[in-house]
Structure formats: C-alpha cells, structure tokens
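The residues making up each chain are set out below.
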Amino acid sequence: MMSLTEQIISFAFSFIYGYIIGILFFKIYKLIYTNKVIYRILNSLLFMINISLIYFYIFKQINDGIIKDYFLIITIITSFFTYHKQFTKNMSK
C-alpha cells in the first residue's frame, strides 16, 4: 500500500513530467516530423517509447512501480485539462 507521501510525490512527479514532455514535444516538433509518413510514424513511436520507459523507470524508483487505478485516472484527467488549457492558447496564436 502506498503512503500519502508517496502518492503526493508520485502525482507531483507525473504532473511535472507530463508538462515538461509536452513542452519538449512542441519545441522539437519540426525536428521529429518530416515529409515522409513512415518517418513520422517511426519518430513518434520511438519518442513515445522512450518517454514511457523513462517515466516508468523513475516511477519505479519513487514507489516500487505501484500504480493505482484512481491515481492513473486523476493524473490523466488533470494533465489533459492543464495541457489543453495551456497549449491551445499557444497554438491559436
């Protein structure tokens, strides 16, 4: 069972990591995507695999890799709304 401290650290890490990855993705968007569709697919796939592996490695160090259902749902929902609010403003400019 996860303690409250581990849950707070896990949530904060997940939120900050997602925010940093979102910023990083928009900064290197033009470098990742080329005109050829196959390269777009491979670059996106490799990028997502890399950030997922890094995330789960660090998450394992924080709380032995325990991911609760409610934690995952809350993290996804709050990250989505924050991401949507922040980056749709930047994209519409």
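A short tour of the structure in this document, coming up. Predicted model only: the values in this text are computed from it and were never measured. (Residues numbered from 1 in each chain as written. Predicted model: local features only at pLDDT ≥ 70, side-chain atom pairs only at ≥ 80, totals over all residues. Heavy atoms only, no water.)

### Overview of the layout of surface pockets
Quantified by volume, the largest pocket comes out at close to 660 Å³. Those elements giving two or more residues to the lining of the largest pocket turn out to be helix H1 (4-27), helix H3 (37-63) and helix H4 (69-92). Looking at the lining of the largest pocket element by element, the count peaks at nine residues for H4. Among the residues forming the lining of the largest pocket, the class breakdown is 17 nonpolar, seven polar and no charged. (1 Å grid on protein atoms, 1.4 Å probe; cavity = no way out; pocket = protein on both sides within 12 Å on 5 of 7 lines; lining within 4 Å. Points joined across faces, edges and corners; volume = space filled by probe spheres on them. Helix = DSSP H or I, 4+ residues; strand = E, 2+ residues; numbered from the N terminus. Nonpolar A, V, L, I, M, F, W, Y, C, P; charged D, E, K, R; others polar.)

### Observations concerning the side chain of serine 14
Looking at the element boundaries, serine 14 is found in helix H1. Among all residues touching serine 14, those that are not within four sequence positions of it are Tyr55, Phe59, Phe71 and Thr75. (Contact = heavy atoms within 4.5 Å.)

### Considering the environment of lysine 68
Tracing the sequence through the fold places lysine 68 in the loop between H3 and H4. Taking relative accessible area as the criterion, lysine 68 reaches 31% and is therefore assigned partly exposed. (Buried < 20%, exposed > 50% of the residue type's maximum accessible area, 1.4 Å probe, protein only.)

### Looking at the packing of aromatic side chains
In total, this model carries six aromatic pairs according to the counting rule given. Centre to centre, the rings of phenylalanine 13 and tyrosine 55 are 5.5 Å apart; their planes meet at 15°, and the pair counts as stacked. Taken as a pair, phenylalanine 13 in helix H1 and tyrosine 55 in helix H3 lie far apart in primary sequence, 42 residues in all. Residue phenylalanine 13 is classed as buried on the basis of its relative accessible area, which comes to 16%. The exposure class of tyrosine 55 is buried, given its relative accessible area of 16%. Among the aromatic residues, ring-to-ring pairing joins Phe13, Tyr17, Tyr55, Phe56 and Phe59 into one connected group. (Phe/Tyr/Trp six-rings, centres within 6.5 Å; stacked < 30°, edge-to-face > 60°.)

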